[in-house]
Amino acid sequence: MKLTTDHRVEDVRWLSDETFVVRTERKGQGLRAGQCFSIGTRDAAINREYSIYSAEGDPYLEFLVRRVDGGAVSSALAQLAAGDVVQISGPYGSFCLSDDESVRRRYVFVASGTGIAPFASFVRTYPHLDYRLFHGVRHDAETYDRDFYSPARYVPCISRPQSGDPLRVTRALSRENVDLEALYYLCGNRNMITDTVMVLREAGVPGGNIFMETFF
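Residues numbered from 1 in each chain as written. Predicted model: local features only at pLDDT ≥ 70, side-chain atom pairs only at ≥ 80, totals over all residues. Heavy atoms only, no water.

Visitor: Describe the sheet that holds strand β7 (residues 106-112), and please don't skip the residues or the numbers.
Guide: Taken in spatial order, the 5 strands line up as β9-β8-β7-β10-β11 in an open sheet, and their pairing is parallel. Of all strands in the sheet, those bounded by a partner on one side alone are β9 (154-158) and β11 (210-215). Looking at each pair of strands side by side, their axes are set apart by 10 degrees on average, direction ignored. As paired elements, strand β8 (residues 130-137) and β9 share 5 bridges and run parallel to each other. Along β9, the bridge assignment pairs glycine 136 with cysteine 157. (Pairing = 2+ DSSP bridges. Helix = DSSP H or I, 4+ residues; strand = E, 2+ residues; numbered from the N terminus. Axes fitted to C-alpha atoms, helices over the stretch in contact; angles between N-to-C directions.)

Spelled out as structure tokens, the structure:
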């Protein structure tokens, strides 16, 4: 069982009215890009799991959090400031890239909302990664830290854009020439993942090339 330890908050950076990045001290924890930690405040009775947003080698931990109405943990985290303390345990999970394949395989990442967090960690950890990233969001302001990604590799799929036609992840994928040899990593809400898997399987992508991390 992973021990829960106190971590000092170094910074809270807001990306939109509802979404922010919490940076904490790392305290030497070993981790792999794509893993998650369980996080809570001292006063909260529950914790929630959040994927790593920072790079594997960074001297700090970062987490991408969306404040949810009525969400005990996300609301508490939204009140944090530098110098406060959070309780963290982990890392957990195996939603990771193979070190042997990370520089020679082509990857397609598909995310909805804050499900982009592990892909930000992948891209920041492996600067020479050959990838294409589809990011499904509702509004333009939710294309979090899009400057992390090459414009040629990042495809924002905005369902309620300020201007132009709406675009959903599955439609964007259907427009592409699906690479049957690529590895597909999906992270986000269950409906998006179910629909995306259907598109990929119908295109002939082998099930062994599809990896999923579902938000419930």
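So, next bit.
Visitor: Kindly report on helix α2 (residues 117-125), identifying the contributing residues and their values.
Guide: Counting buried residues in α2 gives 7 out of 9 residues, a clear majority hidden from the surface. Within the span of α2, buried status applies to Ala117, Pro118, Phe119, Ala120, Ser121, Phe122 and Val123. In this structure, the buried residues of α2 make contact with β4 (48-51), β5 (60-66), β7, β8 and β10 (183-189). (Buried < 20%, exposed > 50% of the residue type's maximum accessible area, 1.4 Å probe, protein only. Contact = heavy atoms within 4.5 Å.)

Visitor: Can you break down the packing of aromatic side chains residue by residue, with the values?
Guide: If you walk through the whole model with that rule in mind, you get 17 aromatic pairs. Both rings, one in tyrosine 149 and one in tyrosine 154, keep their centres 5.4 Å apart while their planes meet at 10 degrees; by these two values the pair is stacked. On the basis of relative accessibility, which here comes to 4%, the residue tyrosine 149 falls in the buried class. Note on tyrosine 154: relative accessible area 5%, which makes it buried. Among the aromatic residues, those joined into a cluster by ring pairs are Phe95, Tyr107, Phe109, Phe119, Phe122, Tyr131, Tyr185 and Phe211. Note that arginine 124 overlies the ring of tyrosine 53, its terminal NZ or CZ placed 5.6 Å from the centroid. (Phe/Tyr/Trp six-rings, centres within 6.5 Å; stacked < 30°, edge-to-face > 60°. Lys NZ or Arg CZ within 6 Å of the ring centre and 35° of its normal.)

Visitor: Describe the state of the cysteines, listing the residues and the values that go with them.
Guide: In this structure the tally under the stated criterion is 0 disulfides. Not part of a disulfide, cysteine 157 finds its nearest cysteine sulfur in cysteine 187, a span of 15 Å. A relative accessible area of 2% places cysteine 157 in the buried class. Among the cysteines around cysteine 187, which has no disulfide bond, cysteine 36 carries the closest sulfur, lying 9.5 Å off. (Disulfide = S-S within 2.5 Å.)

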